[in-house]
Structures are given as C-alpha cells and as structure tokens.
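# Fold and contact review
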Amino acid sequence: MWKAGIQQQAVPSPDHATRYLRDIKEGKGFPSLWLASSPEDLEKIALGMLLRKGHLDSVNLIGFNELCFSNVGIKVNQVEDTNFPVPTVGNLHYELCTSNDAELIAAIELFLKGNGCFQEFVKSQPDKNNMRKIAARYINEVSEQYQAKAEEWAKQYL
C-alpha cells in the first residue's frame, strides 16, 4: 500500500489515506515512531516489534525524514521505551504530538514525495537478510523476558 503512494508521489485515494492514518495511529496515545540512525538500528527495531507481538513475521518499516513533521508543524518528542524487547534501541522511540488527521496526512504526503524510505525485513527466506538471521545477530541484546522466543527464531543460525 505504501509503495503505491511512493510510486505516485501522492496519496492514491481516500481509502489509502484512511489506511495510512490507521498505520500511523496504531496503538494507544499519540502516534509513535522510531528514529533510527543506522541499518543496524532498523534491524533491532524490527526484531523488537516482532518479539513484542510474539510471532515471527515479515516487517515493513516506513522511514519518514524529520522534515515531514517539522514542515507541517508537528512536534516530535523523545519518549524512551524502557520495556522494549531490544533495550539498546529503546531510546530511539518518539511520539508525534498530534492526532490531527489533516496534519498527519500532510506529513504522509511529504513522505510520499520522496522524503523517506521504505525497508522490508522478510520472515525467513534463507537468501535474504531475514528476521531469523536478525534474531541470531542481536540475540545478546534481547532482554531476558524475550530471550527464549528470540533463541527459538534464531536457532538455525546460532
């Protein structure tokens, strides 16, 4: 769905707008986001998200550039996630200080015009940088509570 918007560099339809908003506003409270500074951070964030969900899956991460928010007047506050399954990236958690659909759509439109990236992490294809390999790579950074699940996913690469 996000790829379609990126290809058109615009929100393709009102249905897409509704689905984009649902993706951004998923969860409780203000919409949250992660500001990664490296590809390794992205891998750890994807792993932590799946560990929190409790099941192995593919993950698609949408990387907004900061100007998507600052140019439309959305304030971004750091809110460390102290219970994130991969604690080494818990400090990369932020919240958008708005739930206003018009502001969020304006930010999404800036993203779709090329102000960000789209990263896919596959579930378990051996020839790709998949989530099983990622679990093995960062097994020592996973919190104790999630360690058994991470080991289960990573066992073929440990």
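Overview of the structure. On a predicted model such as this, the values are computed, not experimentally measured, just so you know. (Residues numbered from 1 in each chain as written. Predicted model: local features only at pLDDT ≥ 70, side-chain atom pairs only at ≥ 80, totals over all residues. Heavy atoms only, no water.)

Let's shift gears to the nonpolar core. Formed by 25 residues in total, the largest nonpolar core has its most connected members in Leu47, Leu51, Phe121, Met131, Val142 and Trp153. Listing elements by their share of this core, those giving two or more residues are helix H3 (39-53), strand S2 (59-64), helix H6 (131-137) and helix H7 (147-154). Tallying contributions element by element places H3 first for this core, with five residues. Ignoring anything within four residues of it in the chain, the contact list for Trp153 reads Leu47, Leu50, Leu51, Gly54, His55, Leu56, Arg132 and Ala135. Residues Cys68, Leu104, Ile105 and Ile108 belong to the second largest nonpolar core, which totals 18 residues. (Core = buried A, V, L, I, M, F, W, Y, C linked by side-chain atoms within 4.5 Å. Buried < 20%, exposed > 50% of the residue type's maximum accessible area, 1.4 Å probe, protein only. Helix = DSSP H or I, 4+ residues; strand = E, 2+ residues; numbered from the N terminus. Contact = heavy atoms within 4.5 Å.)

Turning our attention to the pattern of salt bridges. Applying the stated rule across the entire model yields six salt bridges. Taking the shortest distance from any N to any O, the salt bridge between Asp101 and Lys25 comes out at 2.5 Å. In this pair, Asp101 is assigned in helix H5 (residues 101-112) and Lys25 in helix H2 (residues 14-25), connecting sequence segments 76 residues apart. On the accessibility criterion, Lys25 (30% relative accessible area) is partly exposed. Here Glu141 makes a salt bridge to Lys44, at a shortest N to O gap of 3.0 Å. Taken together, the residues span a long stretch of sequence, with Glu141 in the loop between H6 and H7 and Lys44 in helix H3 at a distance of 97 residues. According to the relative accessible area criterion, Lys44 is buried, its value standing at 12%. (Salt bridge = Lys/Arg side-chain N within 4 Å of Asp/Glu carboxyl O.)

Right, let's talk about the side chain of Asp81 for a bit. With respect to the helices and strands, the residue Asp81 is situated in the loop between strand S3 (76-78) and strand S4 (93-96). Side chain to side chain, Asp81 and Arg52 meet in a polar contact 2.9 Å long. Of the polar contacts made by the side chain of Asp81, one reaches the backbone nitrogen of Phe84; its length is 3.2 Å. Residues contacting Asp81, with those up to four places away along its chain left out, are Trp34, Arg52, Gly90 and His93. (Polar contact = N/O pair within 3.5 Å; in protein donor to acceptor, adjacent residues only side chain to side chain.)

Two elements in contact, H3 and H7, have axes separated by 10 Å at closest approach and are oriented at 110°. As summarised for this structure, H3 and H7 are arranged roughly perpendicular, according to the angle between their axes. The element H3 and its partner H7 pack so that their crossing is right-handed. The segment H3 lies against H7, with Leu47, Leu50 and Leu51 engaging Lys149, Ala150 and Trp153. In the contact of H3 with H7, the residues fall into five nonpolar, no polar and one charged. (Axes fitted to C-alpha atoms, helices over the stretch in contact; angles between N-to-C directions. Parallel < 35°, antiparallel > 145°, perpendicular 65-115°, else oblique. Left-handed = near helix turned anticlockwise from the far one by under 90°. Nonpolar A, V, L, I, M, F, W, Y, C, P; charged D, E, K, R; others polar.)

It is worth spelling out the packing of aromatic side chains at this point. Scanning all chains against the criterion turns up six aromatic pairs. Between Trp34 and Phe84 the ring centres are 4.4 Å apart and the planes differ by 45°, which places this aromatic pair in the tilted class. Placement of the pair is Trp34 in strand S1 (residues 32-34) and Phe84 in the loop between S3 and S4, with a sequence separation of 50 residues. For the pair Trp34 and Phe84, one class covers both residues: buried. Taken together, Trp2, Tyr20, Phe64, Phe69 and Phe111 form an aromatic cluster joined through their ring pairs. (Phe/Tyr/Trp six-rings, centres within 6.5 Å; stacked < 30°, edge-to-face > 60°.)

This part covers the packing of H2 against H5. Between H2 and H5, the least distance of the axes is 10 Å, while the angle of their chain directions is 100°. Regarding the angle of H2 to H5, the classification is roughly perpendicular. Contact with H2, carried on its side by Ala17, Tyr20, Leu21, Ile24 and Lys25, involves Asp101, Leu104, Ile105, Ile108 and Leu112 of H5 and no other residues of that element.

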